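# Chain and residue survey
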Amino acid sequence: MSAPLGLLLLLLGLPGLLGGRPRYEPTWGSLDARPLPAWFDEAKFGVFIHWGVFSVPSFGSEWFWWYWQKEKREPYVKFMEANYPPGFSYEDFGPLFTAEFFDPNQWADILKASGAKYVVLTSKHHEGFTLWGSKYSWNWNAVDMGPKRDLVAELATSVRNRTDLRFGLYHSLFEWFNPLFCEDATNVFKTRKFPTSKSLPELYEIVTKYQPEIVWSDGDGNAPDTYWNSTGFLAWLYNDSPVRDTVVTNDRWGLGSICKHGGFYTCSDRYNPGHLLPHKWENCMTIDRWSWGYRRNAKLDDYFTIEELVKQLAETVSCGGNLLMNIGPTHDGRIAVIFEERLRQMGAWLKVNGEAIYRTKPWRAQNDTVTPDVWYTFRPTEGKVNAIFLNWPISGALELGEPQAKLGETQVKLVGYKEPLKWIALGEKGMMIALPQLTLKQLPCQWGWTLQLTDVK
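Residue numbers run consecutively from 1 along every chain, following the written order of its sequence. This being a predicted model, a pLDDT of at least 70 is required before a residue's local features are given, and a value of 80 or more before pairs of side-chain atoms are given or counted; all residues contribute to the totals for chains, interfaces and linings. Just so you know, side-chain values use all the structure's heavy atoms and leave hydrogens and water out.

### Structural notes on the pattern of salt bridges
- Only one rule defines a salt bridge in this text: a Lys or Arg side-chain nitrogen within 4 Å of an Asp or Glu carboxyl oxygen. Applying the stated criterion across every chain yields a total of 29 salt bridges.
- Among the salt bridges present, the one from Lys44 reaches Asp41, with a minimum N-O distance of 3.1 Å. Each of the two residues, Lys44 as well as Asp41, counts as buried.
- One network of salt bridges, with partners in common, ties together Asp41, Lys44, Lys280 and Lys361. Burial classes: relative accessible area under 20% of the type maximum marks a residue as buried, over 50% as exposed, and values in between as partly exposed (1.4 Å probe, protein chains only).

Given below as structure tokens:
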């Protein structure tokens, strides 16, 4: 009896053999070995939402409080002197964060129309104000003050009821002016009052309460991951949390972890390397070139055009990344019209060209060697190479330097146009493709087009 019993105990101890899940240790070696859930790579495109008390002054940057109080930058100091009474504090902006026009159903419908497959909302930025009624953020949260509403819960419900987007939450580890964090920092992080009483309990709270499928961490405050106990939290997230099977995480879990540890890499804000990376990555960037939060003082040319955004998407996806495109709503809960327009334009583009984006893999070449602004993606299931070209050639012929085409086998199609296109091979590598002569109204879309190539190498 002892041998079979010993074997059974051995099998029970080996995760995966009897259908059990692998358990992850609270070490980077173990956590980094967790496979990234497939949905994230297939999604390719998400929307970031930066919303908080900084949306009230809506001047300069979401770092308003820091720039005004800590760095005392002149534009911020002058703005406050000109518009607010002496002694007005940043905390006084809290009750003015009202969200009276916040309609989560309308937000969800705009997100759906954008073609995005996931959304990440700032549950708490570096100012420490939580968009849910956190037990750990007494009287500095959206339920006790300002809107008097659980903004996280409302958006999560609408997104899940009205769309197929995955719902994610951003959470800042540190808080600029929290006295407990400042005390720990003074002690060179030898004490851990802030993470144990505030930051970590909040993380457990939002995961348990809202079950986000992306936990987007940020703001290490120059403290190491051991101070934040990031590996302990991630081990719980991957092993025992309600989202353990589907959750994805980024790489901002303490000083030195960025671009090195975690689920997908962000490496820096607005990261767009322009070449293939060996690890899954995300380009988080803003439609407003200068700020993540809403700015009342933004000018039209401060916003990226749809042509520039389509280019960012094509470049990012061809190099194996996801694009996380940020909008900043107003203090009263509106998605400004220019943000809505950009989101709907992206959705219109993806409606035509989505096959070249969603569920694709990088091809052997990321961009073309002969014609600039041609970016490649690959659909392995159908063996199709997509060439996304951002400029329609005046000559009516597009030269591609990378594909190896075979006469009688290779087919070329313009996505959104019925007839196959004529082409000629240019030696062993490269081809010249005759584009159809179309009026502006006949074009499948207005900004960036996709050629689908079958049977090419």
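### Overview of the pairing of strand E13 (residues 431–434)
- Numbered from the N terminus, helices here are DSSP runs of H or I no shorter than four residues, and strands are runs of E no shorter than two. Going residue by residue along E13, you find Met431 and Ile433 tucked away on one face and Met432 and Ala434 left uncovered on the opposite face.
- Pairing between two strands is assigned when DSSP locates at least 2 bridges connecting them. Looking at chain direction, strand E10 (residues 397–400) and E13 are connected through four bridges and run antiparallel. Paired with Glu399 across the strands is Met432, a residue of E13.
- Pairing analysis gives three bridges linking strand E12 (residues 423–425) to E13, with the strands arranged antiparallel. Bridging across to E13, Ala425 finds its partner in Met431.

### Description of the UniProt feature "domain: Glycoside hydrolase family 29 N-terminal" (unreviewed entry) in the chain
- In this numbering, the UniProt entry assigns the feature "domain: Glycoside hydrolase family 29 N-terminal" (unreviewed entry) to residues 23–355.
- The span residues 23–355 carries 36% helix and 12% strand; its end-to-end C-alpha distance comes to 36 Å. UniProt positions are given in the numbering used here, feature names are shortened, and annotations may be inferred rather than shown by experiment.

### Considering the environment of His171
- Among the structural elements, His171 can be located in strand E3 (residues 166–172).
- Along the primary structure His171 and Asp144 are separated by 27 residues, whereas in three dimensions their C-alpha atoms are 19 Å apart.
- Residues are treated as being in contact if the distance between any of their heavy atoms lies within 4.5 Å. With sequence-adjacent residues up to four places away left out, His171 is seen in contact with Ser123, Lys124, Trp132, Ser199, Glu202, Leu203, Ile206, Trp216, Ser217 and Asp218.

### Let's talk about the packing of aromatic side chains
- Within 6.5 Å between ring centres, the rings of Phe, Tyr and Trp (the latter by its six-membered ring) count as paired, and their orientation is classed by plane angle as stacked under 30 degrees, edge-to-face over 60, tilted in between. Scanning the entire structure with this criterion turns up 54 aromatic pairs.
- Geometrically, a charge over a ring is one whose NZ (Lys) or CZ (Arg) sits within 6 Å of the ring centre while staying within 35 degrees of the ring normal. One cation-aromatic arrangement involves Arg73 over Tyr67; the distance from NZ or CZ to the ring centre is 3.6 Å.
- One residue, Arg364, lies across the ring of Trp363, its end atom 4.4 Å from the ring centre.

### Concerning the state of the cysteines
- The term disulfide is used for any two cysteine sulfur atoms that are within 2.5 Å. Here the structure, examined in full by the defined rule, presents one disulfide.
- For Cys259, the disulfide goes to Cys267, at an S-S distance of 2.0 Å. As the torsion about the S-S bond is roughly 65°, the Cys259-Cys267 disulfide counts as right-handed.
- Overall, Cys267 belongs to the buried group, its relative accessible area being 15%.
- Between Cys284, a free cysteine, and Cys267, which holds the nearest cysteine sulfur, the sulfur-to-sulfur gap is 9.8 Å.
- On the basis of relative accessibility, which here comes to 0%, the residue Cys284 falls in the buried class.
- Unpaired in terms of disulfides, Cys319 finds its nearest cysteine sulfur in Cys267, a separation of 13 Å.

### What about the sheet that holds strand E4 (residues 214–218)?
- Spatially, seven strands are ordered E5-E4-E3-E2-E1-E7-E6 in an open sheet, and the strand pairing comes out parallel. Each edge of the sheet is formed by a strand with only one pairing partner; in this case those strands are strand E5 (248–249) and strand E6 (281–286).
- This element, helix H13 (residues 337–353), spans strand E1 (45–49) and strand E7 (321–327) of the sheet and lies at about 150° to E7. Interaxial angle, 0 to 180 degrees, is taken between N-to-C directions of lines fitted to C-alpha atoms, where a helix line uses only the stretch in contact.

### Focus: the packing of helix H12 (residues 306–318) against H13
- Interhelical geometry of H12 versus H13 gives an angle of 55° and a closest axis separation of 10 Å. Taken as axis vectors, H12 and H13 run oblique relative to one another. For the element pair H12 and H13, the recorded crossing hand is right-handed. Each of Ile306, Leu309, Val310 and Leu313 in H12 lies in contact with H13, whose residues at this interface are Arg342, Gln345, Met346, Trp349 and Leu350.
- Classification convention: Asp, Glu, Lys, Arg as charged; Ala, Val, Leu, Ile, Met, Phe, Trp, Tyr, Cys, Pro as nonpolar; all other residues, Gly among them, as polar. Here the residues of the contact of H12 with H13 sort into seven nonpolar, one polar and one charged. Any angle that falls under 35 degrees is termed roughly parallel, while one over 145 is termed roughly antiparallel, one within 65 to 115 roughly perpendicular, and all others oblique. Should the near helix be turned counterclockwise from the far one by less than a right angle, the crossing is left-handed, whereas a clockwise turn marks it as right-handed.

### So, the side chain of Lys124
- Mapped onto the fold, Lys124 is located in strand E2 (residues 118–124).
- On the accessibility criterion, Lys124 (0% relative accessible area) is buried.

### With respect to the environment of Tyr90
- Residue position: Tyr90 is located in the loop between helix H5 (74–83) and helix H6 (104–113).
- Judged by relative accessible area, which is 1%, Tyr90 ranks as buried.
- In this structure, the C-alpha to C-alpha distance between Tyr90 and Trp66, residues 24 residues apart in sequence, is 9.9 Å.
- If near-sequence neighbours (up to four positions away) are discounted, Tyr90 is found in contact with Val53, Phe54, Phe64, Trp65, Trp68, Glu127 and Trp140.
- Under this definition, polar contacts are N or O atom pairs within 3.5 Å; protein pairs additionally need one hydrogen-donor-capable and one acceptor-capable atom, and for neighbouring residues in sequence, both atoms have to be side-chain atoms. Polar side-chain contacts of Tyr90 include one of 2.4 Å to the side chain of Glu127.

### Examining unusual backbone geometry
- If you check the backbone angles, Gln211 has positive phi at about 45° while not being a glycine.
- In this fold, Gln211 is placed in the loop between helix H9 (193–210) and E4.
- The exposure class of Gln211 is partly exposed, given its relative accessible area of 35%.
- Of note, the phi angle at Cys259 is positive, near 65°, even though the residue is not glycine.
- Note on placement: Cys259 falls in the loop between E5 and E6.

### Regarding the nonpolar core
- Judged by nonpolar contacts, the single largest core of 127 residues is most densely connected at Phe233, Leu237, Met346, Ile433 and Leu451.
- With residues up to four places along the chain from it excluded, the contact list for Ile433 reads Gly396, Ala397, Leu398, Leu400, Val412, Leu421, Lys422, Trp423, Leu451 and Leu453.
- For the purposes of this section, nonpolar cores are sets of buried Ala, Val, Leu, Ile, Met, Phe, Trp, Tyr and Cys residues that join through side-chain atoms within 4.5 Å. Trp39, Phe48, Tyr118 and Trp216 belong to the second largest nonpolar core, which has 14 residues in total.

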